[in-house]
Amino acid sequence: DDSSNLVAFIEWAREVAPADQYVIIFMGHGNAYHPGFEGGTTRAIMRDDEEVAYLGLNAIAEAFEAADAHFGLTYLMCCLMNSVEYVTEIEPYSNYYLASNHVTSISGGEIYLMVESLIGMDTYDETSIAAAATYAIAQDYDMWWSNNILAIDHTLTRCRNIATLHS
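Summary of the structure given here. No experiment lies behind these values; they were computed from the predicted model shown.

### Quick notes on the sheet that holds strand β4 (residues 71–77)
- Judged by pairing direction, the sheet is mixed, and its four strands sit side by side in the order β1-β4-β5-β6 without closing on themselves. For this open sheet the edge positions go to β1 (23–27) and β6 (154–158), each flanked by a neighbour on one side alone. Ignoring strand direction, the axes of neighbouring strands in this sheet form an average angle of 15°.
- Bridge count between strand β5 (residues 94–100) and β6: five bridges; the pairing is antiparallel.

### Remarks on helix α2 (residues 57–66)
- Taken residue by residue, α2 has Leu57, Ala59, Ile60, Ala61, Ala63 and Phe64 as its buried positions.
- Immediately downstream of α2, the backbone of Asp68 shows phi near 50°, a positive value.

### A look at the pairing of β5
- Within β5, six of the seven residues are buried, which leaves it mostly tucked inside the rest of the structure.
- Of the pairings in the sheet, the one linking β4 to β5 comprises five bridges and is parallel in character. When the sheet's bridge partners are listed, Tyr75 is paired in β5 with Leu98.
- At this point the chain moves from β4, through helix α3 (residues 84–90), to the parallel β5, and the crossover so formed is right-handed.

### Considering the packing of aromatic side chains
- Taken as a whole, this structure holds four aromatic pairs when the rule is applied.
- Judged by centre distance (5.8 Å) and plane angle (35°), the rings of Phe9 and Trp12 are tilted. With Phe9 and Trp12 both in helix α1 (residues 3–16), this residue pair falls three residues apart, about one helical turn.
- With relative accessibility at 43%, the residue Phe9 sits in the partly exposed group.
- Aromatic ring contacts, followed pair by pair, group Phe26, Phe64, Phe71 and Tyr93 into a single cluster.

### Describing unusual backbone geometry
- The backbone of Asp68 sits at a positive phi, close to 50°, despite the residue not being glycine.
- Of the residues examined, Asp68 reaches a relative accessible area of 67% and is grouped as exposed.

### A short note on α1
- Taking 1.5 Å of rise per residue, 14 residues should cover 20 Å, and α1 covers 20 Å from first to last C-alpha, within 8% of that figure.
- When we look at burial in α1, the residues that qualify are Ser3, Leu6, Val7 and Ile10. The arc that holds every buried residue of α1, seen down its axis, measures 105°, which confines them to one face. Those residues of α1 that are exposed and angled more than 90 degrees off the buried face are Asn5, Trp12, Glu15 and Val16.
- Buried positions along α1 lie against β1, β3 (53–56), α2 and β4.

Conventions used here
Residues numbered from 1 in each chain as written. Predicted model: local features only at pLDDT ≥ 70, side-chain atom pairs only at ≥ 80, totals over all residues. Heavy atoms only, no water. Pairing = 2+ DSSP bridges. Helix = DSSP H or I, 4+ residues; strand = E, 2+ residues; numbered from the N terminus. Axes fitted to C-alpha atoms, helices over the stretch in contact; angles between N-to-C directions. Buried < 20%, exposed > 50% of the residue type's maximum accessible area, 1.4 Å probe, protein only. Right-handed = clockwise from strand over helix to strand, strands pointing away. Phe/Tyr/Trp six-rings, centres within 6.5 Å; stacked < 30°, edge-to-face > 60°. Expected span 1.5 Å × (residues − 1). Arc of directions from axis to C-beta. Contact = heavy atoms within 4.5 Å.

Note that every value here comes from positions in space, so none of it alone points to a role or purpose.
Put into structure tokens, the structure is as follows:
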């Protein structure tokens, strides 16, 4: 639940794998944004059951700011994370935001499928990461979830458009 841990991870990742664009993926239990609870323990992701701690939205934004980070995509592979509050806080640090509106399942193939799509592209432009995310979700659904009675409702948001929604 300490933003300095995320800062250290981002700095390590940039050192180990320099790139023009980055995708950051949070995978874990999501617990939505409940502004009525002070202290942030219910508006967070990455639950640590042993410590009864969460990495909250404020800590994520603080870490992105401290690390001077900007991502092509911020993907929250967690339940209940597609909210206006999350997109608004992430907007300065990410081109796209991908998350589920409800409870979500993780097949394990999401990251592989996104990488597969990016590797297969002939050229890269501002929509490449969005195309890779769309491909990964569609393929993952076809491969794993189409035979189950599940609602898959991930939403891909172009972060710069959040101001229009607010207006």
